[in-house]
Amino acid sequence: METARIGVTGLAVMGRNLARNLARHGHPVAVHNRTAARTKALVEEFGGEGTFLPAETAERFVASLERPRRLVIMVKAGAPTDAVIDEFAPLLEPGDMIVDGGNAHFADTRRREAALRERGIHFVGTGISGGEEGALHGPSIMPGGSAESYEALGPLLEDIAAKVDGTPCCTHVGPDGAGHFVKMVHNGIEYSDMQLIAESYDLLRHAAGLAPAEIAEVFRTWNTGRLESYLIEITAEVLAHTDAATGKPFVDVVLDQAEQKGTGRWTVQTALDLGVPVGGIAEAVFARSVSGHADLREASRNLPGPARGTAGDAGFADKVEKALYASKIVAYAQGFHEIQAGSAEYGWDIDSGAMATIWRGGCIIRARFLDRIRAAYEADPSTPTLLTDDHFAEALGDAQDAWRDVVATAARIGVPAPGFATALAYYDSLRADRLPAALTQGQRDFFGAHTYRRVDRDGSFHTLWGGDRTEVTS
Ligand code: 6PG
């Protein structure tokens, strides 16, 4: 009986395209779906692309896999993933691998990995980015799990991943939940990047007075420079699109309430737990949240604000470009800080430069910029922040006047720009000689005897605020 090198169960569009990608690369792939009609449709439509071994039952699916078995599950994150694991794990043997290619929370992946490890089964939580097209033509792949499982899976995954300069956009991220953690942060950065682009559009429209089609041209130009990226490219496409039904710009007929499936929120929740400041990602999540509160917005519509009008000068678009680039540096610096903190917390030993390398192609945040980040980590693998890398520090210095001007203009004319503003505040906080946190400490000590440390002596201190205000060592 012919055996498959790998199997995919869950044949919605991502699973189907991943299976096709494997088959197109010459890997015989077993395919299975809860409802067999999907399996049949896949083979009928795309059977000519390679070798598919369709299976109607879980038993037949598992039996068709060569050993050690490589089984990829592409189902909705959460309870469906646990259900599929419960269905397949009893059919597997020690040494077999279950790859979860969904957007699972890394804590769930850690739990599942630990439980399956006890049974000798490798559970490989794998971040896959690039949407439907990426899954078919080459995604960015972020596998976690054991190093041993990567030996068996890595060559296959690297084969189907996107390539940049011949380098596959796939590498072993680290043990247990490391792959899903990094995918989560990727999505957090994606949120931040999208929010900054949205703010740029809003300012070009309301401060510079440009029409959507004109803004599309601005983004097209930007896409030939240092901001070149998939997200900038598709922004130009969306802005240039006209609604067929009304003849209006497409962006004007779409309800302005952004949705989210949760990975950006997880990035922020996790950052809070790790104590990592990711204001850019948080503001991006909150901006979507604000947009969705229709009642709150309706109730507030008549609050006073400045007259909008066109406040931007002729060079305003260039200033926005600089603000966008600078804020983008901050967004990535914050995301990478979170990856480093997660890596330290969970003992993953994640190579940040390698993450930048595998994000250069295939994924939603793919960008020319990622090569700069790769180079920054190559120059100094243990740098605490990307902001101080020579290239980025120079770019921030060059951008800062424009950046401040854009944030000030937004505030003056009443266009919300939380992403730009928080990025600038982060930059100024990090470079500040002294922060008002000293006052915060004083207040905490005053009302709660929470103590403080001094700049000139070691130890913890408390001032007797309710008494004679002498200082005591605590
Ligand atoms: C990717 C995307 C993908 C998905 C997002 C959308 O890397 O391919 O990030 O995972 O499109 O999860 O997220 P929201 O629905 O939360 O915007």
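Refer to the structure presented above.
Residues numbered from 1 in each chain as written. Predicted model: local features only at pLDDT ≥ 70, side-chain atom pairs only at ≥ 80, totals over all residues. Heavy atoms only, no water.

Take the packing of aromatic side chains next. One pass over the structure, following the stated rule, counts 15 aromatic pairs. When the centroid spacing of 5.5 Å and the interplanar angle of 70 degrees are considered together, the rings of F106 and Y346 count as edge-to-face. Highlighted residues: F106 in helix α5 (residues 106-117) and Y346 in helix α15 (residues 316-346), separated in sequence by 240 residues. Measuring from centroid to centroid gives 5.5 Å for F336 and W359, while their planes differ by 55 degrees, and the two rings are tilted. Taken together, the residues span a long stretch of sequence, with F336 in helix α15 and W359 in the loop between α16 (352-358) and α17 (369-379) at a distance of 23 residues. W359 matches F336 in its accessibility class, with the two residues each being buried. (Phe/Tyr/Trp six-rings, centres within 6.5 Å; stacked < 30°, edge-to-face > 60°. Helix = DSSP H or I, 4+ residues; strand = E, 2+ residues; numbered from the N terminus. Buried < 20%, exposed > 50% of the residue type's maximum accessible area, 1.4 Å probe, protein only.)

Near the ligand you find 15 residues, and of these S129, E190, Y191, K261 and R288 are the closest. Interatomic distance of 3.2 Å between a backbone N/O atom of G131 and an oxygen atom of the ligand. Between the ligand and N187, the relevant distance is 3.0 Å, taken from an oxygen atom to a side-chain nitrogen or oxygen of the residue. In isolation the ligand exposes 410 Å². Once the protein is present, 80% of that is buried. With five residues, the top contributor of residues to the shell around the ligand is helix α8 (residues 178-206). (Near = heavy atom within 4 Å. Polar contact = N/O pair within 3.5 Å; in protein donor to acceptor, adjacent residues only side chain to side chain. Areas by Shrake-Rupley, 256 points an atom, 1.4 Å probe, with all protein chains shown as cover.)

Below, the discussion takes up empty space enclosed by the protein. According to the stated counting rule, one finds two cavities of 30 Å³ or more in the structure shown. L18, V72, V99, T126, I128, I141, L157 and I160 are the residues that line the largest cavity. Elements supplying a minimum of two residues to the lining of the largest cavity: β6 (122-129) and α7 (147-160). Split by residue class, the lining of the largest cavity holds seven nonpolar, one polar and no charged. Taken as a whole, the second largest cavity spans an internal volume of roughly 30 Å³. Along the walls of the second largest cavity sit N103, A104, H180, K183, M184 and T263, which together make up its complete lining. Broken down by element, the lining of the second largest cavity gets its largest block of residues, three residues, from α8. Across the lining of the second largest cavity, the residue classes tally to two nonpolar, three polar and one charged. (1 Å grid on protein atoms, 1.4 Å probe; cavity = no way out; pocket = protein on both sides within 12 Å on 5 of 7 lines; lining within 4 Å. Points joined across faces, edges and corners; volume = space filled by probe spheres on them. Nonpolar A, V, L, I, M, F, W, Y, C, P; charged D, E, K, R; others polar.)

A few words on the sheet that holds strand β7 (residues 140-143). The mixed open sheet is built from seven strands, whose spatial order is β3-β2-β1-β4-β5-β6-β7. With partners counted over all chains shown, the strands left at the sheet margins are β3 (52-54) and β7, one partner each. Each adjacent strand pair in this sheet contributes to an overall mean axis angle of 25 degrees, direction not counted. Strand direction decides the pairing type here: strand β1 (residues 6-9) and strand β2 (residues 29-32), joined by four bridges, are parallel. Its bridge partner being in β2, T9 is matched across the sheet by H32. In the packing of α8 onto the sheet, contacts are made with β5 (97-100), β6 and β7, and the angle to β6 comes to roughly 20 degrees. (Pairing = 2+ DSSP bridges. Axes fitted to C-alpha atoms, helices over the stretch in contact; angles between N-to-C directions. Contact = heavy atoms within 4.5 Å.)

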